[in-house]
Amino acid sequence: MSAYIAKRLLAAIPVLFGLTIIVFLIMAMIPGDPATAILGSYATPENVEKLNRDLGLDKPLLQQYLIWIANLFQGDLGRSYTLNRPVLDEVLERFSATLILAGTALVLCSILGLIAGVISAVRQFSWVDKTITLVVLIGISIPSFWLGLLLILVFAVNLRWFPASGMYAIYGGGGPLDLLHHLFLPALTLAVVATGVIARLTRTAMLEVLRQDYIRTARAKGVTENRVIYRHAFKAALVTVIPVIGIQAGFVLGGAVYIETVFQWPGIGSMLVKAISTRDLLLVQGGVLVVASAYVLFNLAADVLQTVLDPRLR
Amino acid sequence: MKRLLAAAATVLSLAFASPTHAQTPPNVLVVGQIAEPKSLDPHAVTAVNDFRILMNVYDGLVRYKNGTLEVEPALAESWTISDDGTVYTFKLREGVSFHDGAPLNAEAVKFNFERMLKEDHPFHDTGPFPLAFFFSTVDTVTAIDDLTVEFKLKEPYAPFLSNLAYPTGLIVSPKAVEEHGADFGRNPSGTGAYKFAEWEANAKVVVTRNEDYWDGAPELEAVIYRPITDANTRIAEMLSGGLDIMVEVPPDSLQQFRSDEAFEVQEQAGPHVWFLILNAKEGPFATKEIRQAANYAVNKTTLVDNILQGTAEVAAGPTPPAFAWAYDEDLEPYPYDPDKARELLKEAGYDGEEITFYVTEGGSGMLDPIAMGTAIQADLEAVGMKVKIETYEWNTYLGLVNPGLEGKADMAEMAWMTNDPDTLPFLTLRTEAWPDKGGFNSGYYSNPKVDELLEAARRATDQDERAKLYREMQSIVQEDAPWVFVANWKQNAVIKASVEDFKLQPSFFLMLQNVAKPE
């Protein structure tokens, strides 16, 4: 198993390298440059040239990239020219905020999705099943940024139960309770679509398993219905559901971009959007590198977990 | 499963039970900013968003008088200007210290300008300083004695004082720069009414009352600036009580705040002009009558009232009325007169040639460029002009427009916000400012009389004399119509009713020195 993990990790390295080259080239190809973005109306050719020189952007592209790579090996991702601080500090801070949000959302959608799916399957065609199916369908169909705004309107503006934005209270805040309070609405919004997907899949997988012979055998042996459902059927259905949760982890990370913007969550998605529009190359590079590495790790984790759960794959 | 449910229920109840912090505490002002500041080093930044913090942490030698764009003494008590307009001597206020305890003296002022301007200065590498060219006419800065500092200019430059009042002219503590180097922008120290206290990245910047402020300590204990990039989220935060002041309110939401007694809406016209650059070198707009026809054809009142929903006023000429001292009050905007436009087009022999119109998707000061561009297209087509729109993202757009429209387009949207009546016409209307000479005259307008007036205004040291020259320039430019003059933007802000003595400034800076919020 560890040899497999090591091989997968090694295979990821050229992928990440290729990615940094592509990002570097794309950023170089799109029109506009950081100096023009910074100077705005005052971007005379003379001013732009001087600022590019001060920013070290007058060097050939290959040289810029090699400098970046050389620094990368020393753990230095450069300095952001729009934020005037080390890229590494910003990216790590932002990414941990995204992980908190996406992680919570993932836990939330897994729990809710699995519960809803199992109940739906066990009570197939009952009104509970129909209600769950309807709610799930609505959940999958709602655009999440719109849902986020709606939740802010109801729970933050009108009821004032939850804050409208941010990660901690601006005044006298801090601590896990404050974080949880700020986390609730964005994490819920982010979890809705994935919950729907997981619920529907769990339902199908459970129905499939419940029709199997060994379930009939278990029932015939006199095993209690609860034990049949949770010990026999649910565990078998999980094997199908886990990889989907792994894929959903990717979607949740991606979806975090909108949700972070709507809830002003200081995560890496909103950072990347801004960094691209201000042509902050180093910040884009650093951000993409971290996000891509996370994707690789998540996929690997999902694969490993599936192997652990399903003896046939070993 | 039951345990899972119980855990989920606990988490939920904890989240609900946590106290809401929606209300802001008394004597602390929470300001909704549109973005995270780049740096709190005033010489390193260019965005108004950053200036809104900086103007309260630092002072300049001079500042804008409350409610105007005229300069008055600040860190300098008084000054003299040599007759030829090239030597400015400032007498500094006595007994002023930076927040870090270092004294404000002539050497400190010299350090500030040399750091920006001299490439061999030991702290020049703490930049870059993108707007340092505001002071490019400065030749030498000399500390005559402890409290007297002299600026020698390479040539007379009348906007010098006004540039000193701009954030790029704010005075930073040399001691703090020496201590923090390139990280000074995150450890700022000035002489202003508020001291820097804390910067939590992507969450808040906190500044606290400077008890020793030379102009009287402010009433507020602290100001907290929160970056909230999404306009809808900013509005939600304001409505839910998490902000005391928010700026740049989208027009759609103003009415909602106006009709709510808990809020007050303020508006203030600023030194902003939104216009269409016309290509006077080639194509139809090379003819003056056709340029005038475009001015008559565009219904500016509808644009500002409907598309911009009253957040701007109709512009009459190249100089915004916010520069009250230099503005020609007698200038009337081109009226909306499609018949007159048709007549002019016919006289000039316009043959229906297609007009390429550059429109941007957004950008600083551009308001609602796509909607405005479409409306302008419709107005021009209504008088028989054929207009083809090409839309570009802002950075791409600047890369196309700034080098000049020749061979590419006949007309382009543009907006400027400046701090002196000199800047815009000097950079965009002179013959010497054509793009190939490093200026922004992308439409190649040229009138020797205008060139002469602008040069003279720059050399004049007397404000009344300058004002006369600018007024004459405005009426000539209006008649020549190198642009379609469209709108002057009004800045707006929503404040909580409990906030006292807040006033928006024509400079668009947020001045919080005298604001109070007792409850």
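Residues numbered from 1 in each chain as written. Chains lettered and ligands numbered in written order. Predicted model: local features only at pLDDT ≥ 70, side-chain atom pairs only at ≥ 80, totals over all residues. Heavy atoms only, no water.

**Q** Please provide a residue-by-residue account of the overall build of chain A, values included.
**A** Within chain A, the regular secondary structure consists of 12 helices and 2 strands. Going from the N terminus to the C terminus, chain A shows its helices and strands as α-α-α-α-β-β-α-α-α-α-α-α-α-α. Considering only C-alpha atoms, chain A reaches an extent of 85 × 55 × 35 Å along its principal axes. Burial analysis of chain A (314 residues in total) assigns 48% to the buried set. Considering only contacts within chain A whose residues lie at least 6 apart along the sequence, 72% involve residues at least 24 apart. (Helix = DSSP H or I, 4+ residues; strand = E, 2+ residues; numbered from the N terminus. Buried < 20%, exposed > 50% of the residue type's maximum accessible area, 1.4 Å probe, protein only. Contact = heavy atoms within 4.5 Å.)

**Q** Can you lay out the pairing of strand β4 (residues 76-81) of chain B for me, pointing to particular residues and giving the numbers?
**A** Residue and element names in this part refer to chain B. Both β4 and strand β5 (residues 87-92) contribute to a ladder of 5 bridges, which runs antiparallel. Of the residues in β5, the one forming a bridge with Ser78 is Lys91. Two successive antiparallel strands, β4 and β5, enclose a turn made up of 5 residues, where Gly85 displays a positive phi of approximately 75°. (Pairing = 2+ DSSP bridges.)

**Q** Run through the interface of chain A and chain B, naming residues and quoting values.
**A** Counting from both sides, the interface comprises 57 residues of chain A and, opposite them, 62 residues of chain B. Summing the contributions of chain A and of chain B, the shared interface buries around 5,000 Å²; its carbon and sulfur component is 62%. At 7 residues, the largest contribution of residues to the side of chain A that touches chain B is made by helix α3 (residues 45-55) of chain A. In terms of residue class, the side of chain A that touches chain B is made up of 30 nonpolar, 15 polar and 12 charged. (Buried area = accessible area lost by both parts, 1.4 Å probe. Nonpolar A, V, L, I, M, F, W, Y, C, P; charged D, E, K, R; others polar.)

**Q** Account for the pattern of salt bridges, naming residues and giving values.
**A** All names here are of chain A. According to the stated counting rule, one finds 33 salt bridges over all chains in the structure shown. In this structure, the salt-bridge partner of Glu90 is Arg85, at a minimum N-O distance of 2.7 Å. With a relative accessible area of 1%, Glu90 lands in the buried category. Using a relative accessible area of 9% as the deciding quantity, one classes Arg85 as buried. Through salt bridges with shared partners, a single network forms among Arg85, Glu90, Glu93 and Arg94. (Salt bridge = Lys/Arg side-chain N within 4 Å of Asp/Glu carboxyl O.)

**Q** Outline the packing of helix α5 (residues 87-122) of chain A against helix α8 (residues 176-210) of chain A, listing residues and values.
**A** Residues and elements named next belong to chain A. One can describe the packing of α5 onto α8 by two numbers: an axis separation of 5 Å at closest approach and a directional angle of 35°. With respect to the hand of their crossing, α5 and α8 are arranged in right-handed fashion. A breakdown of the residues in the contact of α5 with α8 according to their chemical character gives 23 nonpolar, 7 polar and 1 charged. (Axes fitted to C-alpha atoms, helices over the stretch in contact; angles between N-to-C directions. Left-handed = near helix turned anticlockwise from the far one by under 90°.)

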